[in-house]
Amino acid sequence: MTTGATASLSSAVRTSAASTAGNAQRVDPSFLPTVEALSHENIRRCYYCLKCTAGCPTAYAMDYGPAHVLKLVQLGQKDKVLQSKAIWMCVGCETCWTRCPNGIAAGHVMDALKQMALREGYAPAERRVLVLHRQFLTSIRLFGRVHELSMLALYKLLSGDLFTDLDLGARMFLRGKIPILPERIKGMSKIQQLFAKRPRGQE
Amino acid sequence: MKYSYYPGCTLHSTAIEYGWSTEAVCEALGIDLVEIEDWNCCGASSAHSLDPHLALALPTRDLMRAQAVGADIVMPCAACYGRMAAADHKMRSDSAWRKEMEAEFQTEYIGAARPRTLVDVLGNDLSPEALAAKVKRPLNGLRTVSYYGCLLIRPPDLTNRWDDPEHPVVMDRILKALGAEPVQWAHAVECCGASLALDRADVVTVLSGRIVQGANDAEADCIVCACPLCQANLDSRQKGISPKVPVLYITELMGIALDLPGRSKWFAKHLVDPRPMLRRKGLE
Amino acid sequence: MKRIGVFICHCGINIAGTVDVKRVAEALKDYPGVVLATDYMYMCSDPGQSLIRQSIKEQNLEGVVVAACSPAMHEVTFRKASAQAGLNPYQTEIANIREQVSWVHQDDKEAATRKAIEHIKTIVEKVKYNESLIPLSLSLVKKALVIGGGIAGLQAAIDIATAGYPVVLVERSDRLGGHVGKLSGVYVNFNAARDLLESKLQAVQENPRIKVFLETEVEELGGYVGNFTAKLKHRGDNGGEPTFSEHTFGAVIVATGHSLRPLSKFGEYGGGRYPNVIDALTFERMLAPDGPTGGEIRRPSDGQVPRQVVFVQCAGSRDPEHHMPYCSKICCMYTAKQAALYRQRVPDGQAYVFYIDIRSQGRDYEEFVQSAMTEHDVLYVRGKVARLYEEDGKVIAWGADTLTGKPVEVQADLAVLATAVMPAEGAVELAQRLRIATDEHGFFSEAHPKLRPVESLTAGIFLAGTAQAPKDIPETVAQASAAAAKVLSLFSQRELVAEPTIAYVDEELCSGCGLCIPACPYQARAMHPWKHKAIVNEALCQGCGACVVACPNKACKLRNLTPSHVLAMMDAYLAEV
Ligand SMILES: Cc1cc2nc3c(=O)[nH]c(=O)nc-3n(C[C@H](O)[C@H](O)[C@H](O)COP(=O)(O)OP(=O)(O)OC[C@H]3O[C@@H](n4cnc5c(N)ncnc54)[C@H](O)[C@@H]3O)c2cc1C
Ligand code: SF4
Ligand code: SF4
Ligand code: SF4
Ligand code: SF4
Ligand code: SF4
Ligand code: SF4
Ligand code: SF4
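A brief look at the structure comes next.

Brief notes about the site of ligand 1
All names here are of chain C.
(1) Moving on: Around ligand 1 sit 35 residues in total, of which Glu 171, His 179, Lys 337, Thr 466 and Lys 471 are the nearest.
(2) Moving on: Residue Ala 152 places a main-chain N or O atom 3.0 Å away from an oxygen atom belonging to ligand 1.
(3) Moving on: With respect to ligand 1, the backbone of Thr 256 contributes an N or O atom lying 3.5 Å from an oxygen atom.
(4) Moving on: Alone, ligand 1 offers 1,000 Å² of accessible surface; in the complex the protein occludes 96% of this.
(5) Moving on: The class makeup of the residues in the shell around ligand 1 is 15 nonpolar, 13 polar and seven charged.
(6) Moving on: Here the shell around ligand 1 spans two domains, and each of domain 2 (144-257 + 424-491) and domain 3 (261-421) adds at least three residues to it.

Some thoughts on the site of ligand 8
(1) Moving on: Near ligand 8, the surroundings consist of C:Cys510, C:Ser511, C:Gly512, C:Cys513, C:Gly514, C:Cys516, C:Arg525, C:Ala534, C:Cys551, C:Pro552 and C:Asn553.
(2) Moving on: Here the residues of the shell around ligand 8 are counted per class, giving six nonpolar, four polar and one charged.

Considering unusual backbone geometry
(1) Moving on: The omega angle of the peptide bond from B:Arg154 to B:Pro155 is -15°, so this bond is cis rather than trans.
(2) Moving on: Position of B:Pro155 relative to the elements: it lies in the loop between strand E5 (143-147) and helix H8 (156-159).
(3) Moving on: In this structure, the amide linkage connecting B:Ser242 to the following residue, B:Pro243, adopts the cis form with an omega of -10°.
(4) Moving on: The phi angle at C:Arg318 is positive, at roughly 55°, despite the residue not being glycine.
(5) Moving on: Topologically, C:Arg318 is positioned in the loop between strand E17 (308-315) and helix H10 (331-345).

Thoughts on the interface of chain C and chain A
(1) Moving on: Across the contact, 20 residues belong to chain C and 15 residues belong to chain A.
(2) Moving on: Sorting the residues of chain C by area buried against chain A places C:Lys384, C:Ala386 and C:Thr402 first, and these three jointly supply 28% of that buried surface.
(3) Moving on: Along the contact surface separating chain C from chain A lie one salt bridge.
(4) Moving on: A:Lys51 is the salt-bridge partner of C:Glu268, the closest N and O atoms lying 2.5 Å from each other.

Re the packing of aromatic side chains
(1) Moving on: What the rule picks out here adds up to 13 aromatic pairs over all chains.
(2) Moving on: Ring geometry for B:Tyr6 against B:Trp39: centres 5.2 Å apart, planes inclined by 65°, an arrangement best described as edge-to-face. One end of the pair, B:Tyr6, is in the loop between strand E1 (2-5) and helix H1 (16-28); the other, B:Trp39, is in the loop between strand E2 (32-35) and helix H2 (44-50), and 33 residues separate them in sequence.
(3) Moving on: The interplanar angle of 85° and the centroid separation of 5.3 Å between the aromatic rings of C:Tyr187 and C:Tyr365 together place this pair among those described as edge-to-face. Placement of C:Tyr187 in the loop between strand E8 (185-186) and strand E9 (191-192) and of C:Tyr365 in helix H11 (residues 365-374) is noted, with a sequence separation of 178 residues between them. By the burial criterion, C:Tyr187 is buried, and C:Tyr365 matches it.
(4) Moving on: The rings of C:Tyr187, C:Phe190, C:Tyr365 and C:Phe368 are connected pair by pair, giving a single aromatic cluster.
(5) Moving on: Note that C:Lys211 overlies the ring of C:Phe213, its terminal NZ or CZ placed 4.8 Å from the centroid.
(6) Moving on: The aromatic ring of C:Phe244 is capped on one face by C:Lys231, whose charged end is 4.9 Å from the ring centroid.

Observations regarding the sheet that holds strand E3 (residues 73-75) of chain B
Through backbone hydrogen bonds, the strands of a sheet pair up, either in parallel or in antiparallel fashion.
All names here are of chain B.
(1) Moving on: Sheet architecture is open: four strands sit in the order E2-E1-E3-E4, paired in parallel fashion. Looking at which strands have only one partner, the edges of the open sheet turn out to be E2 and strand E4 (115-117). Averaged over all pairs of adjacent strands, the angle between their axes in this sheet comes to 40°, without regard to strand direction.
(2) Moving on: Direction of pairing for E1 relative to E3: parallel, over a ladder of two bridges. When the bridges of E3 are listed, Tyr 5 appears paired with Val 74.

Focus on the sheet that holds strand E2 (residues 34-40) of chain C
Residues and elements named next belong to chain C.
(1) Moving on: In spatial order, the strands read E2-E1-E3-E4; together these four strands make up an open sheet with parallel pairing. Each end of this open sheet is capped by a strand with a single partner; those strands are E2 and strand E4 (92-96). Going across the sheet, the axis of each strand differs from the next one's by a mean of 20°, ignoring polarity.
(2) Moving on: As judged from the six bridges shared by strand E1 (residues 4-9) and E2, these two strands associate in the parallel manner.

Criteria and cut-off values
Residues numbered from 1 in each chain as written. Chains lettered and ligands numbered in written order. Predicted model: local features only at pLDDT ≥ 70, side-chain atom pairs only at ≥ 80, totals over all residues. Heavy atoms only, no water. Near = heavy atom within 4 Å. Polar contact = N/O pair within 3.5 Å; in protein donor to acceptor, adjacent residues only side chain to side chain. Areas by Shrake-Rupley, 256 points an atom, 1.4 Å probe, with all protein chains shown as cover. Nonpolar A, V, L, I, M, F, W, Y, C, P; charged D, E, K, R; others polar. Domains from an automatic or database assignment. Helix = DSSP H or I, 4+ residues; strand = E, 2+ residues; numbered from the N terminus. Contact = heavy atoms within 4.5 Å. Buried area = accessible area lost by both parts, 1.4 Å probe. Salt bridge = Lys/Arg side-chain N within 4 Å of Asp/Glu carboxyl O. Phe/Tyr/Trp six-rings, centres within 6.5 Å; stacked < 30°, edge-to-face > 60°. Buried < 20%, exposed > 50% of the residue type's maximum accessible area, 1.4 Å probe, protein only. Lys NZ or Arg CZ within 6 Å of the ring centre and 35° of its normal. Pairing = 2+ DSSP bridges. Axes fitted to C-alpha atoms, helices over the stretch in contact; angles between N-to-C directions.

Everything listed is a geometric property; what it means functionally is a separate question.
Okay, here's the thing in structure tokens:
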């Protein structure tokens, strides 16, 4: 499918969206090319066979499966996609990429969509996932390595998810698997420079 | 055999027994691990989820530092391996990016050292015969199922196919050399839920539970894995499963077979204590 | 001096839009030798041609230059027109001012016009030196070679032999019939494949003009249309040395059929590891009364009758990333057939078909697929299976239904993969021996995808059946009959006519050094048996000119493109620049 064909597809969708006014979403024709550029994936090759979705470990817990997300991207349904749980539930296991007949890495598209959602101020549908990712990166920013104890404490505080797995954490701690003090690397200035270079919206 | 060594954060914390056993086994096998000086965290799935630049730049710092050792980089963690392999691939395939990183770290990227996973090195650089020759306590009668999860062998575009992405065999080959009885099962490459371990424990419980149940169905004595994340997920999410299945690192079993000292402290770190099972098998 | 006419074509605006045709005519009018230079809207049209014919007669033209499109388009047209007016056709030449001038210089009309003028002048110079030639006539052996004894090869052999010409049918395996011999019933009527085949086998047996060689392959093919020489290799008895035989043929039909993508290529389906994951051909054998189970459906692992069967369509087709990018065309239909047959034989069994699209173009085909769903209760699930694995003696299929978006897991007893249709083993090597082309997958290439679908690019070699692309029995048989018709129309000629514009050797100058022999890419050169001079095989020579360049003694020349021609053309060209 060429860009031209996509554009005309999108406009066709817009007409039908108008006719089912109310629950249909406005189409954003620039969405597909933007996501393709961000993810470096050729999303228009997807012929919606769902091989990815059938093998995706977390698809059952997603609101849209990976293939549906790609389809919604093809159809320019930006809001639906960026507000979805699916993009936060992908664990990046690359199973979809390994099997897709058209070589599409849906996981990479999910990553691009997460980043886009943050940049454009969409509230994440899985807030805890975001909080944990952020605390993980904070840990790296502070120490260059991950320090579980401080990361988990902050995560628990910020996510409000105070009680899940407390017993598990305690068991780990008792087995000496969670060090009390962080390891701090020497080259912190470089790490901080790398963090400082991040594009806006991702801090 | 010399390698540069990237332990990754977990081998100093939640997977400390993996770190200990890796170092002990490599020493016993004459594998010289030279730890990358002042390495940093690869960024794991958090970086690639939120920040494509960091996701590549963080591991690239490690790749650059590893060049000082001048040998393939071995890493025990599958998630680190996935990030390092992606960063290395980017450096090799995108010259504009390579130039940017070379300027950033003021180092030229020669690309002579390749990121490799520990199992690849143990199973492919070492012949099963050579390994078998060093075995002092064969793991006779131990039924094992090998668990790879996803990132150890996927995506094939990044792993160079060091093992088959759908039906991997290298771990079983090692285990056979150790005298164990690897059993065929269907869950070797199913994902355990990986990075959702803390924030969506419910999902991980379902995914990991299915895998542990699969090991029980195969009547395995233990699950053998080669990744701290997999181990933690499988080891910690066994509520309601009976009997509970010990989840051992492949290096721990090698440690037993090679009869290495100090191993009891490894097993003390597990949530599902493997010692009763090992005792039953006469392998403690 | 020769009286030459120049005819400049507008080709509508194709040429005249860029080249100033009036100015070109003006510039040529006074060129030495040119007695007439004129332009016309469409030279190839009837009035255009009659303008040429009339001018030849009225002006007593001895040479004609048509400045128009590529000679590949209309050289024959204009040479015929000249001949009708009594001028030897080889006195007519084309100056290509469309593909080589107007189309490539649309942005610079002035330069295009100048280039057209230069171009025509050089061709005028060539025509001045042209000789009147007569076409060559070549002998024609009216006997055909058919390679491959599947339904395609059988049909082609029968058609040619019935028309009265002898045929040699060469089959690599130890029996005729190809894949059809392995099938159970065929869609869309479940007729026994054996019966279809029997009628053809009988026709072959009864026809004394068909000579069948089993366990035989084509070792070498030389010669040219009308006169191929073939060396056949026959497998030796009981593993002994092979024997060889040589034959001559006028035409060849390639009907080597197809193979299937090997099961072992399907890692995610455990192909080749799990006994109860099989390909569709193995399932056909189970369904066939002459198969290993006598027509009973029993799964390989334990001989039990499977109660749940999963069919996986597009296995290895439409998968540019890991397998073949094309659609194998037949598998939607035969899967419907197999699932329906399974339901007939195991009435309490359940059949699931995982598909991405249903391709059912053919008379009654769509109705047939529908009947599999409605009359035979086959459950169709739209989605590709992600993974098959064995557990507790079951084959577990993980799929998803795209229509509901829900994952589907089937605990099946048997999984049947509709594996991709691929070229027969050894097809690429055979193509090299026959000097015909294949596509990137190894299917033999036709000369033109729309207009010459049964011819190869090599004259006298024709294609039939799945050797050319995936197709089912009716299409295969139709193509085989079409290829046979092409052979028959070739054989209906008394002799073959060939272009005379080829190489010749000036015996006075030839030193017999032999350098031209390896230089010729068409094996058209040889040494005269006793004269110690090179000779040209006129049927093989393509007039490429490689020998002319190789010859150190200028003994080798091309008719109507001698050094005198070339020098005169160069002079005309250089005079302009
Ligand atoms: C599982 C399955 C089910 C099918 N069911 C149906 C159906 O129900 N209805 C239908 O219409 N079609 C069906 N088909 C398609 C049908 O089988 C083909 O259309 C048909 O076999 C094509 O005939 P062919 O002669 O072109 O090729 P083939 O049948 O492949 O025959 C080619 C012959 O050439 C021989 N050969 C190959 N290479 C050489 C060589 N180098 N030298 C000499 N000999 C050689 C081979 O040994 C073989 O005998 C089915 C196909 C499959 C795989
Ligand atoms: S497997 Fe590939 S082609 Fe199929 S639905 Fe998923 S992304 Fe699309
Ligand atoms: S990478 Fe994400 S979308 Fe793809 S299979 Fe894994 S979890 Fe699913
Ligand atoms: S002779 Fe060629 S250039 Fe002239 S009208 Fe015909 S097609 Fe066009
Ligand atoms: S014919 Fe049907 S099953 Fe076969 S490749 Fe084409 S679409 Fe797939
Ligand atoms: S009827 Fe036409 S459009 Fe519809 S499936 Fe058939 S070929 Fe395609
Ligand atoms: S012109 Fe070409 S084909 Fe003819 S004899 Fe010379 S080299 Fe061979
Ligand atoms: S190269 Fe020339 S001289 Fe030598 S054999 Fe051929 S034609 Fe004669």
